[in-house]
Amino acid sequence: MARSAPALSTFTAGEISPRLEGRVSISKYKEGLSDLTNMIVQPHGGVTRRPGTEFLGEVKNSSAQTRLIPFEFKTADTYVLEFGNLYMRVLRNGLQVLEGSAKTVSAITKANPGVLTSNSHGLSNGDEVFLSNTSAMTELKTRNYLVANVTTNTFTLTDLFGVAINTTGFTTYDSGVTLDKIYEIATPYLTADIPNLRFAQSADIMYLVHPSYQVRTLLRTDHNAWTLDAIYLGEPQTAKTITAATQASPGVLTISSHGFSNGDIVLIEAIVGMIELNDKYFKVANVTTNTFTLQDVDSNNINTSGFTAYSSGGTAKKINVSVPALFGTDNNPSVCTFFEQRLVFAATNNNPQTLFFSKSADYENFTIGSGADNDALIYTIASNKVNAIRYLSATRILIIGTSGGEYVLTTTNGGPVTATTTVIRKYSNYGCTNDEPVQVADLTLFIQRGGRKVREFKYTGEVDTGGYAAPDVTILAEHLTEGGLTAFAYQQEPESLIWALRADGTLLGLTYRREEEVVAWHKHVVGGSFGSGQAVVESIISLPTDSGEDELYMIVKRTINSQTKRYIELMKNFDFGSASTTAFFVDSGLSYSGSATGSITGLQHLEGQTVSILANGATHADKAVSSAGVTFDFDITSGAIGFGYTSQMQTLRLEAGSVDGTSQGKPKRIHAVTLRLDETVGIEVGPDANNLDRIFFRDSSMSMDTAVPLFTGDKEIEFPGGYDDDAKIFVRQTQPLPMTVLAIYPRLNTFDK
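Residues numbered from 1 in each chain as written. Predicted model: local features only at pLDDT ≥ 70, side-chain atom pairs only at ≥ 80, totals over all residues. Heavy atoms only, no water.

**Quick word on the overall build of the chain**
If you tally the helices and strands in the chain, you get one helix and 62 strands. Projected onto the principal axes, the alpha-carbon positions of the chain cover approximately 105 × 80 × 40 Å. Here the chain, with 753 residues, has 54% of them falling under the buried criterion. Across the chain, the fraction of contacts at a sequence separation of at least 24, relative to all contacts at a separation of at least 6, is 63%. With an accessible surface of roughly 30,000 Å², the chain has 47% of that area assigned to carbon and sulfur atoms. Here the chain carries 59 positive and 78 negative side-chain charges, and the mean point of each set is 4 Å from the other. (Helix = DSSP H or I, 4+ residues; strand = E, 2+ residues; numbered from the N terminus. Buried < 20%, exposed > 50% of the residue type's maximum accessible area, 1.4 Å probe, protein only. Contact = heavy atoms within 4.5 Å. Areas by Shrake-Rupley, 256 points an atom, 1.4 Å probe, with all protein chains shown as cover. Lys, Arg positive; Asp, Glu negative; His and termini not counted. Charge placed at Lys NZ, Arg CZ, Asp CG, Glu CD.)

The following block contains the structure:
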């Protein structure tokens, strides 16, 4: 019998494949775990519990899949765009953006349903509104409602489950309630189109492409002022001066001897007064010598009746469409990016291997010209078979991912891209899925064709001497990607995390610090359930901030109160402070901080669900949400309430202590374990999930009515296991409290056979 005390002091290989459990001689075995769920590998070597998610709001239509797209005007001013069936909504700073035209409620009846009066409110049945309440009938909470039973001056409300608001038992209303609609704009994109939307952004303009739709620009002029317009990619001609514009259906514009023809494309600019026409492309119709009307991209007349009155000025520039291959059915690009001051489109249905480059610093001008260095250019990849372009990734070079391989665009002279110097070379033959890649520093990670492998396309030498490779970064954890991956998001701060969506809705994480050789996968099961299975994460994005941590947003699908609900949620900060009272380890949760209270309301999104509660920094008994609230067992001044989730880690079979060769396959008994912890309270340890002992952190010197302070240091545990050939260590946290494990130091006996 040999005694040993190995040090498990780094877990930077993350959860590794069962196929590697026999490879005890490799370094990654010593750094790996057999299970790592709802925990994140820190680049320093330890593992920490992932934060919970905060509930921000429900998508407009929970019955249909919805997607988030990031919009980064600047790091201090970022937006989450919610794209659903034929609409787009906006979130800013974690709040849904409102229209900015609040309606004042002058009266509310005490009835079932209660009737609200607001003269000439202009609302329609089904509108979603945010209600603010400052003084009276306080049972009406500040939250979202749906409008019903509309008349000119009155309406009723339902909650987001469709249940009418019964005000019969409410206090009498006096004043203080206002309502504003959730801001949204119309889009042409159907639910089935949304997964294939691609985008590229410059300042406050985003270009959106889809193979079934003309290229569009999304322009932001204020938090609640966004426009989505089709554009025409060509060279504008001399401007014609506008002298009049009527408010009519259709509106009539006057330009003396304009020379336009029906079907011409014009860009309207600089009108004073009827600003709704500015900076938009239109088709010309109903031409006379001095007048014409306008149509949209689908040849629908433009109704200017509700536009502001024309005052003066404005110009109309005819656009010469320079690249017919970028217009019309089967000629719409599928991918786009910016590269060297050019807007780049690629992969139309008719030309799947062709790239289209705009003129330099003139993003919407694709005129080829006579060969000047700043002219637009078209490049078709030559190959023996059709390799459709599926992504463009611009770093210091342009990486072109196709269905059959990976290409790099360079130039013959090392200078900027021009019509005469551009060269595209193929460097690997893996091919990719039709999913957006993710960039980390100067590397591009993409999903290989088939959906199971993630490869990093990286520079390994001189550009002109074959200097690119695409190694597999899932080789150690291939089991985690079973079913395929569908999306990426990169959270650069604080830990350099790549998040990936698995097809079944499981969220995967990858701690990725290539310079330190940290490539560690972990899986995350978000709290709650959908049907008889786990909650489903359907969309993820990351946005930068100036606060030290990037923000990860997601859409999560669950069954709530027998209905399918899709919620937008934000993963909370990793750095929650130094006290357990500010911890947030619940999902789809909300927090409370204020005067002492025995109950909490406003939990309508969790109606009928059993929730986990952190109360005054300590674990509270689970409660079921009823009538949008819960009652506590004691008064609280701070708390976090939401779905509970389990965080756990399990070591691989220990390889230590044998005198005669390996210890694998030999009986072992772990009799004690020391855990080195950082800011941790309330965990369990044992040989497996069914045999765990809880570690106690409260001692006799601590007051029973205060939270246990977070513990940093070593905890020694007598291990509850017996003799076992496997000898694994299992650590779990089920309470809404933090857990960080820096190292595990077991003491064991190994018996040589």
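**With respect to the packing of aromatic side chains**
In total, this model carries 18 aromatic pairs according to the counting rule given. Taken together, a centroid distance of 5.9 Å and an interplanar angle of 35° make the contact between Tyr391 and Phe446 tilted. On the criterion of sequence distance, the pair formed by Tyr391 in strand β34 (residues 389–394) and Phe446 in strand β39 (residues 443–447) is long-range, its members being 55 residues apart. A relative accessible area of 1% places Phe446 in the buried class. By the ring-pair criterion, three or more aromatic residues cluster together here, those being Tyr427, Phe457, Tyr459 and Tyr468. Positioned above the aromatic ring of Phe530, the side-chain terminus of Lys557 is 4.2 Å from the ring centre. (Phe/Tyr/Trp six-rings, centres within 6.5 Å; stacked < 30°, edge-to-face > 60°. Lys NZ or Arg CZ within 6 Å of the ring centre and 35° of its normal.)

**Quick word on the sheet that holds strand β17 (residues 177–181)**
One open sheet accounts for seven strands, arranged β11-β17-β14-β15-β16-β13-β12; its pairing is antiparallel. The outermost strands of the open sheet, each flanked by one partner alone, are β11 (103–104) and β12 (107–108). Of the strand pairs in this sheet, β11 and β17 are connected by two bridges, and their pairing is antiparallel. Each residue of the ladder has a partner; that of Lys103, found in β17, is Leu179. (Pairing = 2+ DSSP bridges.)

**Points about the pairing of strand β16 (residues 154–158)**
Here is the key point about a regular strand: its side chains alternate between the two faces of the sheet. Of all five residues in β16, four are buried, a share of seventy percent or more. Note: strand β13 (residues 116–117) against β16, two bridges, orientation antiparallel. Its bridge partner being in β16, Leu116 is matched across the sheet by Phe155. Relative to β16, strand β15 (residues 143–148) is paired through three bridges, and the arrangement is antiparallel.

**Considerations on unusual backbone geometry**
The bulk of non-glycine residues show a negative phi, and the bulk of peptide bonds are trans. Put simply, Asn112 and Pro113 share a cis peptide bond, and its omega is 0°. Across the junction of Ser249 and Pro250, the peptide omega takes the value -5°, indicating a cis bond. Tracing the chain through its elements places Pro250 in the loop between β24 (244–245) and β25 (252–254). Look at Ser257: it is not a glycine, yet its phi comes out positive at around 50°. Mapping Ser257 onto the fold places it in the loop between β25 and β26 (265–269). Phi is positive for Ala270, close to 65°, though the residue is something other than glycine. Relative accessible area serves as the criterion here: at 53%, Ala270 is assigned to the exposed category.

**What to know about the pattern of salt bridges**
Taken as a whole and assessed by the stated rule, the structure comprises 36 salt bridges. The partner of Glu516 in a salt bridge is Arg513, and the shortest N-O contact between them spans 3.1 Å. Across the pair Arg747 and Glu716 runs a salt bridge whose closest N-O atoms are separated by 2.8 Å. Residue Arg747 is located in strand β62 (residues 740–750), and its partner Glu716 is located in strand β59 (residues 711–718); the two are separated by 31 residues in the primary sequence. When its relative accessible area of 61% is taken as the criterion, Glu716 is described as exposed. In the salt-bridge network here, residues are joined through shared partners; they are Glu21, Arg653, Asp726 and Lys728. (Salt bridge = Lys/Arg side-chain N within 4 Å of Asp/Glu carboxyl O.)

**Observations concerning the sheet that holds strand β20 (residues 205–210)**
Whether parallel or antiparallel, the strands of a sheet pair through hydrogen bonds between backbone atoms. The strand order across the open sheet formed by four strands is β19-β20-β21-β22, and the pairing between neighbours is antiparallel. Edge strands, defined here as strands with exactly one partner in the open sheet, are β19 (198–202) and β22 (225–230). On average, each strand axis in the sheet is tilted by 20° relative to the strand beside it, whichever way the strands run. Pairing of strand β21 (residues 213–222) with β22 involves six bridges; the strand directions are antiparallel. (Axes fitted to C-alpha atoms, helices over the stretch in contact; angles between N-to-C directions.)

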